[in-house]
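Coordinate inspection notes
The primary structure of each chain is shown beneath.
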Amino acid sequence: MKVDAYVVERISKKGSPYVAVEVFLTKDYKKLCFLTQAEYQLYKLEQEKASK
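Please read these numbers as outputs of a predicted model, since none were measured by experiment.

With that out of the way, let us pick up the overall build of the protein chain. Secondary structure assignment for the protein chain yields one helix and three strands. From first element to last, N terminus to C terminus, the protein chain shows the α and β order β-β-β-α. Expected size for 52 residues packed as a compact globule is a radius of gyration near 10 Å; at 13 Å, the protein chain overshoots this value by more than 25%. Its C-alpha atoms put the protein chain at 35 × 35 × 15 Å along the principal axes. Buried positions account for 13% of the 52 residues belonging to the protein chain. Total accessible area computed for the protein chain in this model is approximately 4,800 Å², and 56% of it derives from carbon and sulfur atoms. Across the protein chain, the 10 positively charged side chains and the 7 negatively charged ones have centroids separated by 4 Å.

Here it is, written out as structure tokens:
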């Protein structure tokens, strides 16, 4: 199975920022998977390596 997924930065209803992976399981259904700060830092490091 192949799915689309994106890292998103959003603001919660309480006003707190958060980072998550938004996974599109079907055309009409998406799932948010919340990242810890450590997971997000690893993602950023990988993005920096890929841009070089």
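What follows deals with the pairing of strand β1 (residues 4–11). Strand direction decides the pairing type here: β1 and strand β2 (residues 17–24), joined by eight bridges, are antiparallel. Bridge pairing in β2 links I11 to P17.

Okay, the confidence of the model for the protein chain next. Per-residue pLDDT for the protein chain averages 92, and the proportion of residues at 70 or more is 100%. Ranking the helices and strands of the protein chain by mean pLDDT puts strand β3 (residues 30–34) first, with 95, and helix α1 (residues 37–51) last, with 91.

Considering all chains together, one arrives at three aromatic pairs under this definition. Between Y6 and F24, the aromatic rings sit 6.0 Å apart at their centres with planes inclined by 75°, giving edge-to-face as the arrangement. Of this pair, Y6 sits in strand β1 while F24 sits in strand β2, placing them 18 residues apart in sequence. Judged by relative accessible area, which is 46%, Y6 ranks as partly exposed.

Parameters and conventions
- Residues numbered from 1 in each chain as written.
- Predicted model: local features only at pLDDT ≥ 70, side-chain atom pairs only at ≥ 80, totals over all residues.
- Heavy atoms only, no water.
- Helix = DSSP H or I, 4+ residues; strand = E, 2+ residues; numbered from the N terminus.
- Rg over C-alpha atoms; globule rule 2.2 N^0.38 Å.
- Buried < 20%, exposed > 50% of the residue type's maximum accessible area, 1.4 Å probe, protein only.
- Areas by Shrake-Rupley, 256 points an atom, 1.4 Å probe, with all protein chains shown as cover.
- Lys, Arg positive; Asp, Glu negative; His and termini not counted.
- Charge placed at Lys NZ, Arg CZ, Asp CG, Glu CD.
- Pairing = 2+ DSSP bridges.
- pLDDT = per-residue confidence, 0-100.
- Phe/Tyr/Trp six-rings, centres within 6.5 Å; stacked < 30°, edge-to-face > 60°.

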